[in-house]
Number of protein chains: 2
Amino acid sequence: MDIAALRTAHPDHWMKAAAIRTLTLDAVAAANSGHSGMPMGMADVATVLYEKHLRFDPKDANWPDRDRFILSAGHGSMLLYSLLYLTGYEGMDLQQLKDFRQWGAKTAGHPEYGHAAGIETTTGPLGQGIANSVGFAIAEEIQRARYGKNIVNHRTYVIAGDGCLMEGVSQEAIGLAGKHELGNLIVFWDNNNITIDGTVDIADKTDQVMRFEASGWHVISIDGHDPEAIDKAIIAAQKDPRPSMVACKTHIALGHAAQDTSKGHGALTDPDQLKAAKEAYGWTGGPFEIPADVKAGWEAMGERGAAARAEWQDRFLKLSGTKQAEFNRAYALEAPKKLASAIRAFKKQMAEEAPKLATRAASEKVLGVVNPIMKETIGGSADLTGSNNTKTADLGVFEPENRGGRYIYYGIREHGMAAAMNGMVLHGGARPYGGTFMCFTDYARGSMRLSALMQVPTTYVMTHDSIGLGEDGPTHQPVEHLALLRATPNTHVFRPADIVETAEAWECALTAKTTPHVLALSRQGLPCVRKEHKAKNLSAQGGYVLADAEGKRQVILMASGSEVSVAMEARDILQAEGIGTRVVSMPCMEVFAEQDESYRKRVLPGGPARVAIEAGVRQGWDQWLLGERGREQKAAFVGMDSFGASAPAGTLFEKFGITAKDTSEAAKALLK
Amino acid sequence: MDIAALRTAHPDHWMKAAAIRTLTLDAVAAANSGHSGMPMGMADVATVLYEKHLRFDPKDANWPDRDRFILSAGHGSMLLYSLLYLTGYEGMDLQQLKDFRQWGAKTAGHPEYGHAAGIETTTGPLGQGIANSVGFAIAEEIQRARYGKNIVNHRTYVIAGDGCLMEGVSQEAIGLAGKHELGNLIVFWDNNNITIDGTVDIADKTDQVMRFEASGWHVISIDGHDPEAIDKAIIAAQKDPRPSMVACKTHIALGHAAQDTSKGHGALTDPDQLKAAKEAYGWTGGPFEIPADVKAGWEAMGERGAAARAEWQDRFLKLSGTKQAEFNRAYALEAPKKLASAIRAFKKQMAEEAPKLATRAASEKVLGVVNPIMKETIGGSADLTGSNNTKTADLGVFEPENRGGRYIYYGIREHGMAAAMNGMVLHGGARPYGGTFMCFTDYARGSMRLSALMQVPTTYVMTHDSIGLGEDGPTHQPVEHLALLRATPNTHVFRPADIVETAEAWECALTAKTTPHVLALSRQGLPCVRKEHKAKNLSAQGGYVLADAEGKRQVILMASGSEVSVAMEARDILQAEGIGTRVVSMPCMEVFAEQDESYRKRVLPGGPARVAIEAGVRQGWDQWLLGERGREQKAAFVGMDSFGASAPAGTLFEKFGITAKDTSEAAKALLK
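Calculation rules
- Residues numbered from 1 in each chain as written.
- Chains lettered and ligands numbered in written order.
- Predicted model: local features only at pLDDT ≥ 70, side-chain atom pairs only at ≥ 80, totals over all residues.
- Heavy atoms only, no water.
- Domains from an automatic or database assignment.
- Helix = DSSP H or I, 4+ residues; strand = E, 2+ residues; numbered from the N terminus.
- Contact = heavy atoms within 4.5 Å.
- Buried area = accessible area lost by both parts, 1.4 Å probe.
- Salt bridge = Lys/Arg side-chain N within 4 Å of Asp/Glu carboxyl O.
- 1 Å grid on protein atoms, 1.4 Å probe; cavity = no way out; pocket = protein on both sides within 12 Å on 5 of 7 lines; lining within 4 Å.
- Points joined across faces, edges and corners; volume = space filled by probe spheres on them.
- Nonpolar A, V, L, I, M, F, W, Y, C, P; charged D, E, K, R; others polar.
- Pairing = 2+ DSSP bridges.
- Axes fitted to C-alpha atoms, helices over the stretch in contact; angles between N-to-C directions.
- UniProt positions renumbered as here; feature names shortened; annotations may be inferred.
- Buried < 20%, exposed > 50% of the residue type's maximum accessible area, 1.4 Å probe, protein only.
- Parallel < 35°, antiparallel > 145°, perpendicular 65-115°, else oblique.
- Disulfide = S-S within 2.5 Å.

Novice: Sorry, what's going on with the domain arrangement of chain A here?
Specialist: How big an interface is tends to be stated in terms of the accessible area lost upon association of its parts. For chain A, the assigned domains are domain 1 (3-311), domain 2 (332-520) and domain 3 (542-670). Relative placement of domain 1 of chain A and domain 3 of chain A: their C-alpha centres are 52 Å apart.

In structure tokens:
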């Protein structure tokens, strides 16, 4: 590249972009780790975007009607941190850049949501940002339909690299965005032809322009270092009703000795090469030094947004008080006050009616209560709507012709669905839930982990949660999934036993602010075990005594979900033989673990033999079988230690030995 | 559709295809569950493929040079079972079809590898089959380069549905196949425009023809019910040097009242509608009745293959004895005899040299020993070759210009890589291994679970296995992954402590026949803890005493991987204070659990306080902390209970309290 020509053609632009490049070089050198090349390659695009288009207010980073900027290529985090520092976001001072990748800094190796104002989502695992962005754009469309374009009218801009586009989840995102004609979504592809292992063509020869066009996108190809071309492309993208992809031909590590090489992808720390690059840029300042006029130029960019924000605020205050309150409540992730009473009334009615129902069907009934009073819910399923029971009549289907619809047909895209749901929560004002078979959490793990890490309360409606799925067989039967979801920090896995617990689990999910919830729901019908109404949400304690022993307490049976009724039957058998048996329902062991010790001891006192029953693997139950203080416990587990099989559900429970008889025998064996 | 016109245009073909359709209807009706529409829609394509092209021998289902047929749309399993029955595969008798989806039958809800001859891979989780097929085709290319086209020269045919193509993993497969110009791969797309939730366009408007062409595929669009068009398309696909996609416009549930509807996707069991469909087909036989001439026509198809197989056998016997032995050994998944001695010699040398090395670097050294003597290994990485240390100099890079290369640049495609590796093992004659960061097993879970379920010994080289990854931060730091991989049945997770254990772990992986292996390897350098050479593979016992207590045994420290040296340091501290401390290295707890009880008790005797140390979550360790018989144990865990953070690795181990000092203090606290 002829750096000198770039400098002279657009000197003001050049210096602003060079600020990103030099801050990146300096921070990576200070950390002695990181990724230099991507921010250096995309500095021109980012500069034009921020200077001419992005509507943001560094003094009010969370202004709801701001444009969103998502760095899907999260390894290029110094691009984002530079932008936040240069434009003057609160808390992103120069020291943060100097502490890049150090303990306690806001400037983690990859952008972490919640660390600093202006980080819209956590990226780094490739493809996640572009897949989140579909959710951002959907949330924006739905809210524009509800509140009007005076209140909600902004864009989602994304920078994605070759890594993002090679990940399968990107195809799910591209397909979904194309179908829904998300015209406010604009993706810049950092087309630098470099990956870690070499040039892109050692692994892929895909014509990305053609690929995006195949899914209904508007595509523009430009020189990613030409500010005029970048500006024109953004204007064209804004005007087009389709989602737009701007293919930006760029040079990774522009102006550095490692330009256009794989080495340029990583940490460029050689002092002489760094010096040479800065010289080529015409940059005279020392490390982390930004000329005052350049910094002032960057800070001025936020002023456009600040003015727009003030105008927006005036318009917002003209909304009815009810609308304002609803809007603010949804953005605060507050449940409406009437949710609690509605759930309570529903529980009371169900305890009286005591229906035998699959918990997935129970879940649909709960949603029938919830969705009309929580307009921020956005339902959906990865092509299993009838099986996941996720759709209620009032939602309407989200489509280009019906932007107010609150139900998404995600297609056969579990990963894309999970990522989009995260994007909706991150956008604000939305509380999404989405369904698939629990086994296919495997496909969505990449995004489900990020829900937990980002602390966003996405709700996963995972039905067919055991061998109770039956004939579809072991590929569709979760066995290890409860254990692996429970192993994930900050994830609450609720496996309700009946319709009352299902309502309680939903209440927990819908009031969560920082924790994703997985609702593990049965395919098969389950009897109601909570026939005595309790106003209190017992499931919110994680585990509780469902039925106590009559006579001397010799056995405690612990179970979740569909096995709670198995435990109750086993209790009948044992009590009939004079063996005092307590049944503990454990809908969520993570929440139970958070209860105070005295409560846990009351529920699980030392002494009696313990048997856990769950149609999954034992891992995870050992902690409750052991007893908290390491006291001697006689313990057994009734569950799975292999994959399932294809047969009717009843047969499977018998063949795998998960019945009341098996349970009572396991208990009696411990008492010998 | 004008069924009558189809019948009269090609009456012989029609009856053969109708046999698939009626068997499907009968089996689904008998099971009262299943998926009728897909086999009914693709019966014509399958019939032409089998009758005119597929080279197979039902009497020798595993003939290495057969064509492979992969039903990626696995829910249409009755298509495959019908084909296997009609052509006369051993064991697939009529009773199996009558027992569709019942306990113990070979005819599971979705095709299960190993259940019946002729099932090439387990499908059902969508997208897996098409992604496996890339591995099948790569294995074929590599073996053709090695053995010549007289010995290896066959094709991989796939039927994929809209579900397969919407799953992100399909894009990874399409990109990989296009790049590698896998001309022997031919995919039929069942373009029926129907998914479970409705017509495809409620979720996707992608132009699939354009999408495949964008990745370098040859595409032909045909009427999927026209046998002449199908035949011509297959011939054209065979001739084209690119991978081919045949877009087959079909009618789901052809000829049934539910044709072209979502209902047609599922179980069609209404007796009157079934009767009407059979009448439309001109089918007069009762349930499961196939006219003798139709059955004979199907059985004749295998004869072409049988003849080809006999000719192949003659050619094979002309290979040198060495080549034959090598070929047969690789297909039997037998390690070469000299592997054991080579590993032993390597271990001896390393015990003497005792290098401090990251286990990922140790792994590269082991591969330097292994790859030259096991020509069936196929290495690769999802764009982290230098970090995963998966490439050795002798492998050569697999490319269109170098079909003999044994190293695959998979690109940023963890899921596609895992699925392709499964395909290579299933193809036969190959032992693939592939690397990524351990955290990104999240992206590959869908295929890793299938390795375990199918019992194929794919090896996953998962480096950067803890917070030891350092600055890249929590998105890249596995915390729960050891637990979740261990929770998966039939998966061996080896986390070696040093270079000697790394060699032992590789030996376990390379001699496995029915179990996938995950090698969890450190980014950071680890001291050698096995300085005393033992010829025996101690890691093959899962856990063993690395250092015993001096004096009275008061404490047992258990650890894996990078924390074994932490445990050894903690032992030094404790022994210096007169506290007798045993260190148990636990490279693979699944294998340890398989040892006989007396061995396990010798390693972990009751009595001493137990402390487990691992830079991951506790779940999984409770079983060893508890003690097998529920005896009282004083126990503590030193590890993670949250996500990690971005900082240098040393800082992270200190901040999260995973050091020798923390460990010794935890032990001492138990002794109070």
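Here the narrative resumes, following the displayed structure.
Novice: Teacher, can you tell me more about unusual backbone geometry here?
Specialist: The backbone phi angle of Glu181 of chain A is positive, close to 50°, even though this residue is not glycine. Inspection of the secondary structure assignment puts Glu181 of chain A in the loop between α8 (168-179) and β3 (185-191).

Novice: Just to check I follow, could you spell out the interface of chain B and chain A for this structure?
Specialist: In this complex, chain B contributes 99 residues to the contact, which on the side of chain A involves 99 residues. When the buried surface of chain B facing chain A is broken down by residue, Trp103, Tyr443 and Arg449 of chain B rank first, second and third, together holding 10% of it. Connecting chain B to chain A are 10 salt bridges. Per-element accounting of the side of chain B that touches chain A gives the leading share, eight residues, to helix α18 (residues 441-454) of chain B.

Novice: Just checking my understanding: could you explain empty space enclosed by the protein for this structure?
Specialist: Empty space left among the atoms is revealed by rolling a probe the size of a water molecule over them. For the structure shown, the criterion picks out 12 cavities of 30 Å³ or more. In this model, the largest cavity occupies a volume close to 110 Å³. For the largest cavity, the full set of lining residues is Glu167, Gly168, Val169, Glu172, His415 and Tyr443 of chain A together with Glu167, Gly168, Val169, Glu172, His415 and Tyr443 of chain B. When residues of the lining of the largest cavity are traced back to their parent elements, those giving at least two are α8 of chain A together with α8 (168-179) of chain B. Taken together, the residues that form the lining of the largest cavity break down as four nonpolar, four polar and four charged.

Novice: I would appreciate a short explanation of the sheet that holds strand β17 (residues 553-559) of chain B in the present structure.
Specialist: Backbone hydrogen bonds hold the strands of a sheet together, and the pairing may be parallel or antiparallel. All names here are of chain B. As summarised here, the arrangement of the five strands in space is β16-β18-β17-β19-β20, forming an open sheet in which the pairing is mixed. With one partner strand each, in any of the chains shown, β16 (544-547) and β20 (635-638) form the two edges of the open sheet. Each strand axis lies, on average, 30° off the axis of its neighbour in the sheet, ignoring direction. Pairing geometry for β17 and strand β19 (residues 609-613), over five bridges, is parallel. If you follow Val555 over to β19, its bridge partner there is Ala609. The strands touched by helix α26 (residues 660-671) within the sheet are β17, β19 and β20, with β19 carrying the most contacts at an inclination of about 155°.

Novice: I'm lost on the UniProt feature "binding site: thiamine diphosphate" (unreviewed entry) in chain A in this one. Help?
Specialist: Mapped onto the present numbering, the UniProt feature "binding site: thiamine diphosphate" (unreviewed entry) falls at His75, Gly124, Pro125, Leu126, Gly163, Asn192, His265 and Phe440 of chain A. A stretch of 366 residues holds the annotated residues, and the largest C-alpha distance among them is 34.1 Å, long enough that they do not meet in one place. For Pro125 of chain A, the location among the structural elements is in the loop between α5 (94-98) and α6 (128-147). When neighbours within four sequence positions are excluded, Pro125 of chain A is seen to be in contact with Leu450 of chain A together with Phe440, Tyr443, Thr475 and His476 of chain B. Summarising the element assignment, Gly163 of chain A is placed in helix α7 (residues 162-166). Given the relative accessible area of 10%, Gly163 of chain A is considered buried.

Novice: So what exactly am I meant to see when it comes to the pattern of salt bridges here?
Specialist: Opposite charge on two side chains allows them to pair when their charged atoms are near. On inspection of all chains with the given rule, the structure shows 72 salt bridges over all chains. A salt bridge links Arg445 of chain A to Asp442 of chain B; the nearest nitrogen and oxygen atoms lie 3.1 Å apart. On the criterion of chain membership, the pair formed by Arg445 of chain A in helix α18 (residues 441-454) and Asp442 of chain B in helix α18 is interchain, its members lying in two chains. The same class applies to Arg445 of chain A as to Asp442 of chain B, namely buried. Between Arg495 of chain A and Glu563 of chain A there is a salt bridge whose closest N-O contact spans 2.8 Å. Of this pair, Arg495 of chain A sits in the loop between β13 (492-494) and α20 (499-511) while Glu563 of chain A is found in helix α21 (residues 562-576), placing the two residues 68 residues apart along the sequence.

Novice: Is there a simple way to explain the packing of helix α14 (residues 338-353) of chain B against helix α20 (residues 499-511) of chain B in this structure?
Specialist: In helix packing, the relevant descriptors are the interaxial angle and the interaxial distance, both defined with respect to the helix axes. Residue and element names in this part refer to chain B. Remark: α14 packs on α20, axes separated minimally by 9 Å, with the N-to-C direction vectors making an angle of 170°. One element, α14, and the other, α20, form an angle in the roughly antiparallel class. Residue-level contacts link Leu339, Ala340, Ile343, Phe346, Lys347, Met350 and Ala351 of α14 to Ile499, Val500, Ala503, Glu504, Glu507, Leu510 and Thr511 of α20. Class assignment for the residues of the contact of α14 with α20 results in 10 nonpolar, one polar and three charged.

Novice: Even after reading the chapter, I still don't get the state of the cysteines, so can you show me in this structure?
Specialist: Each disulfide is one covalent bond, formed between the sulfur atoms of two cysteines. All names here are of chain B. This model, assessed by the stated rule, comprises zero disulfides over all chains. With no disulfide of its own, Cys164 lies closest to Cys248 among cysteine sulfurs, the gap being 13 Å. Using a relative accessible area of 0% as the deciding quantity, one classes Cys164 as buried.

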